[in-house]
Amino acid sequence: MSSPSPRIGFDLERQAGQPQMLAVEYGHDPVQWAEQHQESLRMAVAEHGAVLVRGLALRDPAEVADVFHGLVPGGLMPDREAFAARQPYLDGVYSSLKWPANQSMCMHHELSYALEFPGLMLFGCLQAPSAGGVTGVADSRAVLNALPRDIVERFESEGWLLTRSYNEDIGASYEEAFGVDDRAAVEEYCRAHAIEFEWQPDGELRTRQRRPAVVRHPLTGERCWFNQIAFLSEWTIAPEVREYLVDVYGADGLPFNTRFGNGEPIGKDIVALLNDVYEANTLRTPWESGDLMLVDNIRMAHSREAYEGPREVLVGMAEPRNVFDLVTEDGAR
């Protein structure tokens, strides 16, 4: 049940099927606690990949922001290239992605399709849902080792391709995604971030970005399965939603889709396999209001399960990394 960790300054609890948890006695000032234990907590995340802290009783967005900043003195990153809208709060703190409550968000590494992505994710739960809504985590090393070698070798050689079609009806608009509001600025952003772009006759934008699927962890050098191949695939979308989107926008106009790095389609069977492997390696603990969780975004993928009732989980992103700095020797650029 309990696994003492004297090297990191406190004991963590671990139950089968759950991430590491640190239980804090109620009554601490969350901001002071975060500042005092920043080094030990960060060491715990480096060792275990994810740590859930229970007992801080986070109360409001301002307190969550102060705790996040106390844990990452280098500051939080702005959210760029999100595929769905977020509500900004303050100082780099955002709402969770606006995604239907009755639809799960399968395992993914945040912004793994971006040139620059966060090495660390921070979550603060202000309101736990009445049912579901777990933010699960899965060790990307275990996922990589469980996947068939031929699939890993192909993705490691070719990388993967994300295609996006921005429109005003579904998902984030390009103004929201790139943080700019005119074509010239969008084009400048795309060129600077290795994104191919094409304007459609109706003024909408389509983009393609090729990224590595396997990277080496910057601290340990271990190979990690790192991408959003399954989550942003057309085959992970609910069948009735996919059918509607294809009917309205066409097969090439889906808000997002993934392909092999050479542009060939990824079969439904491969996406199902990826999601099955993620599920077999998922650790989950239901949220309680006031919880804090830190996740190494390279070591651990994370998900969000469907839920009932109001749910408010705030998000912060930190420690920016360039994905091509972590490419494996055989990885494709």
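Quick caveat, the model's predicted, so the values are computed rather than measured. (Residues numbered from 1 in each chain as written. Predicted model: local features only at pLDDT ≥ 70, side-chain atom pairs only at ≥ 80, totals over all residues. Heavy atoms only, no water.)

Engineer: Sorry, what's going on with the pairing of strand E10 (residues 160-166) here?
Structural biologist: Along any regular strand, the residues point their side chains to alternate faces of the sheet. Extensive coverage of E10 is indicated by the burial of seven of its seven residues. Residue alternation in E10 divides its side chains into two sets, Trp 160, Leu 162, Arg 164 and Tyr 166 and Leu 161, Thr 163 and Ser 165, and both sets are buried. As defined by bridge partners, E10 adjoins strand E12 (residues 205-211) across seven bridges and the pair is classed as antiparallel. Following the sheet pairing, Thr 163 is matched in E12 by Arg 208. (Buried < 20%, exposed > 50% of the residue type's maximum accessible area, 1.4 Å probe, protein only. Helix = DSSP H or I, 4+ residues; strand = E, 2+ residues; numbered from the N terminus. Pairing = 2+ DSSP bridges.)

Engineer: Explain the environment of Leu 122 here, please?
Structural biologist: Summarising the element assignment, Leu 122 is placed in strand E7 (residues 116-127). Classification of Leu 122 by relative accessible area gives buried; the value is 0%. Through-space distance from the C-alpha of Leu 122 to that of Gln 228 is 19 Å; in sequence the pair is 106 residues apart. Those residues in contact with Leu 122 that sit more than four places away from it in its chain are Phe 68, Leu 71, Leu 76, Met 293, Leu 294, Leu 314, Val 315, Gly 316, Met 317 and Ala 318. (Contact = heavy atoms within 4.5 Å.)

Engineer: Would you take a moment to explain the packing of aromatic side chains for this structure?
Structural biologist: We describe a pair of aromatic rings using the distance from one ring centre to the other and the angle between the two ring planes. One pass over the full model with this rule turns up 11 aromatic pairs. For the ring pair Phe 83 and Trp 99, a centre distance of 5.8 Å and an interplane angle of 90 degrees mean the geometry is edge-to-face. Of this pair, Phe 83 sits in the loop between helix H3 (61-71) and strand E5 (93-95) while Trp 99 sits in the loop between E5 and strand E6 (105-108); the two residues are 16 residues apart in sequence, bridging distant segments of the chain. Each member of the pair, Phe 83 as well as Trp 99, carries the same accessibility label: buried. (Phe/Tyr/Trp six-rings, centres within 6.5 Å; stacked < 30°, edge-to-face > 60°.)

Engineer: Please explain the pairing of E7 as it appears in this structure.
Structural biologist: Taking burial as the measure, the 12 residues of E7 include 10 buried ones, the bulk of the element. Where E7 lies against strand E20 (residues 312-322), 10 bridges are found, and the strand directions are antiparallel. The residue bridging Phe 123 from the neighbouring strand is Val 315, located in E20. Where E7 and strand E17 (residues 292-296) come together, five bridges link them in antiparallel fashion. Looking across to E17, one finds that Met 121 is bridged to Val 295.

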